[in-house]
Amino acid sequence: MDFTLYNQKKTNLQNHISETLGLLQSLKLNNAYKRLQEDSVRLADERFNLVVIGEFSRGKSTFVNALLGKNILPSSKEATTNIISKIVYGDQPKYTLLYKDGRKQEISKEEFDLIKAQTEDKPDKFALLHNLVSKLKHEETHVDFGNIDHAEITYPLSFCENQVDVVDTPGTNDLNVGRIEITYRYLRQAEAAILVLTATQPLTRTEKEFLVDQVVGNNIKDIFIVINYKDEVIGAEDRVVKHVLDNLTDVQDFSQRIFIVSSKQALLYRRKESGEVLKPKTLLNCPATLEETGILELEAALGKFLSEEKGNAKLAKYAERCSLALREAERGIAVQKDGLSHSLDDLKDKLFHERPKYNKTKRMAEQITHGLQTQLLSRQMEIEQLADLTANKIKQAASNAIDGYDGNIAELSGSEIKYVVEKAVTPVQKQFIKDVNALQNKLVSEEVARAAEKLQKIWQDMEFDAAALPITNRFAAVSEIHNAPGRSQNNVENSVGLSVGAYLLGGFFFGPAVGAVAAIASWFLSGGGNPFEDKTRKIKEQVRSQFNSNLRNFSSNIAEQYNKSVARICSDMQTEVDERVGEMNDQLQALIKQKEDKQQNVDDLLATLTEQQKTIDRLQMKLNEVLR
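Residues numbered from 1 in each chain as written. Predicted model: local features only at pLDDT ≥ 70, side-chain atom pairs only at ≥ 80, totals over all residues. Heavy atoms only, no water.

A. Fine view of the packing of aromatic side chains. On inspection of all chains with the given rule, the structure shows four aromatic pairs. Each ring, one from Phe224 and one from Phe305, has its centre 5.5 Å from the other, and the planes form 70 degrees; the classification is edge-to-face. In this pair, Phe224 is assigned in strand S8 (residues 222–228) and Phe305 in helix H11 (residues 295–340), connecting sequence segments 81 residues apart. Across this residue pair, the class does not change: Phe224 and Phe305 are buried. In textbook terms, an aromatic cluster arises when at least three aromatic residues are bridged by ring pairs, as seen for Phe48, Phe224 and Phe305. Lying over the aromatic face of Tyr99, Arg103 brings its terminal NZ or CZ to 4.2 Å of the ring centre. (Phe/Tyr/Trp six-rings, centres within 6.5 Å; stacked < 30°, edge-to-face > 60°. Helix = DSSP H or I, 4+ residues; strand = E, 2+ residues; numbered from the N terminus. Buried < 20%, exposed > 50% of the residue type's maximum accessible area, 1.4 Å probe, protein only. Lys NZ or Arg CZ within 6 Å of the ring centre and 35° of its normal.)

B. Inspection of helix H13 (residues 380–403) at higher detail. Here H13 is 24 residues long and its end C-alpha atoms lie 35 Å apart, about the 34 Å a rise of 1.5 Å per residue gives. Among the residues of H13, those classed as buried are Ile383, Leu386, Ala387, Thr390, Ala391, Ile394, Ala397, Ala398, Ser399, Ala401 and Ile402. (Expected span 1.5 Å × (residues − 1).)

C. Focus on the sheet that holds S8. Reading across from one edge, S4-S3-S5-S2-S6-S1-S7-S8-S9 is the order of the nine strands in this open sheet, with mixed pairing throughout. With one partner strand each, in any of the chains shown, strand S4 (104–107) and strand S9 (258–260) form the two edges of the open sheet. When strand polarity is set aside, the average angle formed by the axes of neighbouring strands in this sheet is 20 degrees. As paired elements, strand S2 (residues 85–89) and strand S5 (residues 148–155) share five bridges and run parallel to each other. For Ile87, the partnering residue across the bridge sits in S5 and is Ile153. (Pairing = 2+ DSSP bridges. Axes fitted to C-alpha atoms, helices over the stretch in contact; angles between N-to-C directions.)

D. Spatial organisation of the packing of H13 against helix H18 (residues 536–550). One can describe the packing of H13 onto H18 by two numbers: an axis separation of 10 Å at closest approach and a directional angle of 165 degrees. As the angle between them shows, H13 and H18 are arranged roughly antiparallel. The interaxial crossing formed by H13 with H18 has right-handed handedness. Across the interface between the two elements, Ile394, Lys395, Ala398, Ser399, Ile402 and Asp403 from H13 touch Thr536, Ile539, Lys540, Val543, Arg544, Phe547 and Asn548 from H18. (Parallel < 35°, antiparallel > 145°, perpendicular 65-115°, else oblique. Left-handed = near helix turned anticlockwise from the far one by under 90°. Contact = heavy atoms within 4.5 Å.)

Here you go:
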C-alpha cells in the first residue's frame, strides 16, 4: 500500500465529510448529521476490523485457530455461553476481559476456555471451575459474566500486524441478545468480513439473509466466503463452490473471494509442524501437506488484501456513507426549494390546509397502533402457557440432574453441584428462548405487517412527499414491509425477538452469571463449603426449593415483558409518524417565518440552496473518485 497516497485520500475524505456535516446541519437534518458524525470518528481510527461470522457448527473458532496455528479459541459444535473474542497483535499471548463499563481483567488461558465454552465437556471441568472460583475469591474479585463486552487476545499473528483486529463472533443464530447486539455493533464498525459456511450444508436461507441485511447492508463490500469441512466432501468441492456462487449472484460477485478449506486438518498440520505432541489417533487425520487443506490459498488472498487493499476498503466504506448523507441533503434542498416557489400567502394557505391533514394522519396512526396493540395483547395467554410449561421442565431437569448423577453428589462442592444442575437445565433454557422467539414472531410479524401497510396507505392518501422525509432506522424495518415483504419481515421479527430475549437473558431468571442457574449462583457459592451437609435428599430438596422460589412468577414476568415489547413497538410506530409529520410542518413554518421576518428575500434563499446543491454535486464527484 502506498501510505502517502492513502493518507492523502483519507485527509481528502475527512474534509468531504466535514463539508457534508456542515450542509446537514444547515439543512437541519439532525439524524443524518449524527450518523455521519459517528462514521467520521470511525474513519479517524486507524484500526481495521476484520470480523469472522457464521452460524453455529460452521467451525469459526477452529478456522481462526488454523490461522493462528494453535488451539487459542475453544471450539464446540453446540451452542455455548460464548463471548466475542478480538485478536490483536502482540509479542506474547495474553487474555483480557473487557467489560461494558470500561473495566479490564486479565485471566489465564484455562479461565478463558472455561468462560468462553461453558457447555464443553472436559474431564477436568470441575477442577477448572473449582480453581477459578478459589482464585477469584482469593483475589477478592469476580468475573461479571453478564457485563462482559468481549475478550481481547493478544497474539503474534502476522495478519494482525499494522493494526488489524480479527473479531471472532458467536453464531449469527445466537439467542443471547447481549451478544447479538455486540456482534451487530462490530459489523457496523467492520471494514471487511469472513463468512464461514459448511460444505455439508452450504449457504442456508438464514445465512444469505444475514449476509445481505447485516453485512452488505452495513456497507461492507470486502467479504471473503470460506466454505469449511472440505475433508467431508472430497470429490465434490467444485460442485459445492458452484452452488454457493450461483446462489449469491444477486448479491455480488464472489468468484475471486471464495475458498473451500479444511480448518481442522490445517490446524492439525500446523500443530504437528510446531512440535506439539499429538495422539496417534489424531495423527491419522493429519494431511500430508498443508496445500491440500486449502488454507494457503485463502491466506495468500487475505494477506494481499490486508497489505495492499485494506486502506482503500476502509475509505470506500465511509465514502459510501458520506454519499448516502449527501443524497439526504439533496432531498432537504428539494423540500426547501419547493417551499420557496410559493408566496407568503400561498405558504400560509398551504399550512392552513395541511394542518388538518397532519392531525388526521396522526389520529389515524393512533387508531392503527392502538388496534395493533389490542391484537397483540390478546395473544398474551399463549406466551404465558409456554412459560408455565418451561418452568415445570426446568424444575424437573434440575431434580433429575441430582437423581441421575453418577457418583456421590454429597461429596461435591457447591460450585460443582451448580455445574451439574446448570448442565441439565441449560438445554431447556435455550429451547425456551428459541420457542418463545418463534412464537412471538408468529404472533407479531403478521400484525405488524398489516399495520405497516395501513400506515403506508395513509401516507399515500395524504399525498405527502415521503421521499423528502428521511426514515429513521427504527421505523425503516416496519415501513419497508409494504415494498419488500421477505426482507423487511425478517428485520421486524429480529427486533421483536430481541426485545423479549433481552429480558430473559439479562434480567429475571437467566441472569448475569454463568449458565441457566444464574439466579442461584450466590446460593451455591456463598457461605463456604457445601451448604447441603452430606445427604442427597437434602440437596435435592434445596435445589427444588430454590427453583420453585425463582420460578414462582416466571410466566407473569415473561408476559409482562411481552406487553412492554408490544407497547414499545406500537410507540415507535406512532412516534415515527409524529416525527415525520412534525418535520414537514416545521419546515413549512420555518419558511413562513423567514418570509415574515424578511431576513432574506426569496432570490437570496434560492441562491443559497443552489450553491449548496453545487457543493453536493462537487462532493459527489470527489467521493466517486474515492469509490473508483
